[in-house]
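# Structural characterization, general
In case you want the letters, here they are:
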Amino acid sequence: MSFSDYLADRWPTIAREMAEHAEVVLIAVGIAAVVGIGLGIAVEGRPRLSRLALGVTGTMLTVPSLALFGLLIPLFGLGLAPTITALVLYAVFPILRNTITGLESVPGAVEEAARGMGMGRASRMLRIRLPLAWPVVLTGVRVATIMTVAIAAIAAAVAGPGLGELIFGGLSRIGGANALNDTLAGTLGVALLALALDLMFAVVSRLTTPRGMR
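Residues numbered from 1 in each chain as written. Predicted model: local features only at pLDDT ≥ 70, side-chain atom pairs only at ≥ 80, totals over all residues. Heavy atoms only, no water.

## Observations concerning the overall build of the chain
- If you tally the helices and strands in the chain, you get eight helices and zero strands.
- The C-alpha extent of the chain, read off along each of the three principal axes, is 70 × 40 × 20 Å.
- Every one of the 214 residues in the chain was classed for burial, and the buried ones make up 42%.
- Intrachain contacts of the chain at a sequence separation of at least 6 include 77% that bridge at least 24 residues.
- Element-wise, carbon and sulfur atoms account for 69% of the exposed surface of the chain, whose accessible area totals about 10,800 Å².
- Of the charged side chains in the chain, 16 are positive and 12 negative, and the gap between their average positions amounts to 15 Å. (Helix = DSSP H or I, 4+ residues; strand = E, 2+ residues; numbered from the N terminus. Buried < 20%, exposed > 50% of the residue type's maximum accessible area, 1.4 Å probe, protein only. Contact = heavy atoms within 4.5 Å. Areas by Shrake-Rupley, 256 points an atom, 1.4 Å probe, with all protein chains shown as cover. Lys, Arg positive; Asp, Glu negative; His and termini not counted. Charge placed at Lys NZ, Arg CZ, Asp CG, Glu CD.)

Here is the structure:
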């Protein structure tokens, strides 16, 4: 069967797996954004805590993804739970790093002016510092999303949802009927999904960043 015929025949299944892949990635990145931004706000201005938080979360990126998924099986079993947990662990670091960097890049004069107007620390953070740091923070979320799209494909090893099922299924039957088509469809699907989510965040960045800060 040619690849075009394969796509015409299997398109509903591929579309469903792409939707599942996108869903699990966005859930994981959403959780990681809450953790990363919250932790970044908590440790910003505290150099030792910042280095510790970045060191711990950065270490997760050195763990091979297949090994991490395997280590999570005794704790969470198979399926959605280990998939989301692993993706969150990988996604926190770029979001945390960019949150700290963005907050540190806010000019001191701006904060001093806000303090002179009687704003408290929480008010300065919510109304001045976070809005000014937002483009950098969002870039971290964007990087984390693209990274986890690729890693999520490996979640098929722990029965996770998404396009990894096609890739792993095809590779396990290499030489068999439609094995190459399965692998190619899954790989192209991951690439297209990464591109679509990247464009989505580009639009979000444009809509949420003031004109003068673009």
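## Digging into unusual backbone geometry
- Even without being glycine, Ala159 reaches a positive phi, approximately 65°.
- Here Ala159 is to be found in the loop between helix H6 (121–152) and helix H7 (164–172).
- Exposure remark for Ala159: the relative accessible area of 49% places this residue in the partly exposed category.

## Structural notes on a nonpolar patch on the surface
- A cluster of nonpolar side chains, contributed by Ile27, Ile31 and Val35, occupies part of the molecular surface with about 210 Å² of accessible area.
- By the secondary structure assignment, Ile31 is in helix H1 (residues 3–43).
- For Ile31, a relative accessible area of 39% puts it in the partly exposed group. (Patch = residues over 30% accessible without salt bridge, like charges linked within 9 Å, V, L, I, M, F, W, Y side chains within 5 Å. Salt bridge = Lys/Arg side-chain N within 4 Å of Asp/Glu carboxyl O.)

## Thoughts on the pattern of salt bridges
- Throughout the structure, instances matching the rule amount to six salt bridges.
- Between Glu17 and Arg16 there is a salt bridge; the shortest N-O distance is 3.9 Å.
- The salt bridge involving Arg129 is made with Glu44; its shortest N-O contact spans 2.9 Å. One end of the pair, Arg129, is in helix H6; the other, Glu44, is in the loop between H1 and helix H2 (47–59), and 85 residues separate them in sequence.
- Here Arg129 falls in the buried class, since its relative accessible area comes to 9%.
- Judged by its relative accessible area of 8%, Glu44 is buried.
- Taken together, the shared-partner salt bridges connect Arg10, Arg173 and Asp182 into one network.

## Considering the side chain of Arg129
- At 2.8 Å, the side chain of Arg129 forms a polar contact with the backbone oxygen of Leu103.
- If we ignore the near neighbours within four places in the chain, the residues touching Arg129 are Glu44, Leu103, Glu104, Val106, Glu111 and Arg124. (Polar contact = N/O pair within 3.5 Å; in protein donor to acceptor, adjacent residues only side chain to side chain.)

## A word on the environment of Glu44
- Put simply, Glu44 and Leu132 are 88 residues apart on the chain and 15 Å apart in space, counted from C-alpha to C-alpha.
- Beyond its immediate stretch of four places on either side in the chain, Glu44 contacts Ser50, Ile100, Leu103, Glu104, Arg121 and Arg129.
- A polar contact of 2.9 Å, which involves the side chain of Glu44, links it to the side chain of Arg129.

## A closer look at the packing of aromatic side chains
- Overall, the coordinates contain one aromatic pair when judged by the stated rule.
- For the ring pair Phe3 and Tyr6, a centre distance of 6.1 Å and an interplane angle of 15° mean the geometry is stacked. You can see Phe3 and its partner Tyr6 sitting in helix H1, three residues apart, about one turn around the helix.
- Judged by relative accessible area, which is 24%, Phe3 ranks as partly exposed.
- When its relative accessible area of 0% is taken as the criterion, Tyr6 is described as buried. (Phe/Tyr/Trp six-rings, centres within 6.5 Å; stacked < 30°, edge-to-face > 60°.)

## Focus: the environment of Arg10
- Tracing the backbone shows Arg10 in helix H1.
- Along the backbone, Arg10 and Val43 are 33 residues apart, and their C-alpha atoms lie at a distance of 49 Å.
- Among all residues touching Arg10, those that are not within four sequence positions of it are Leu166 and Asp182.

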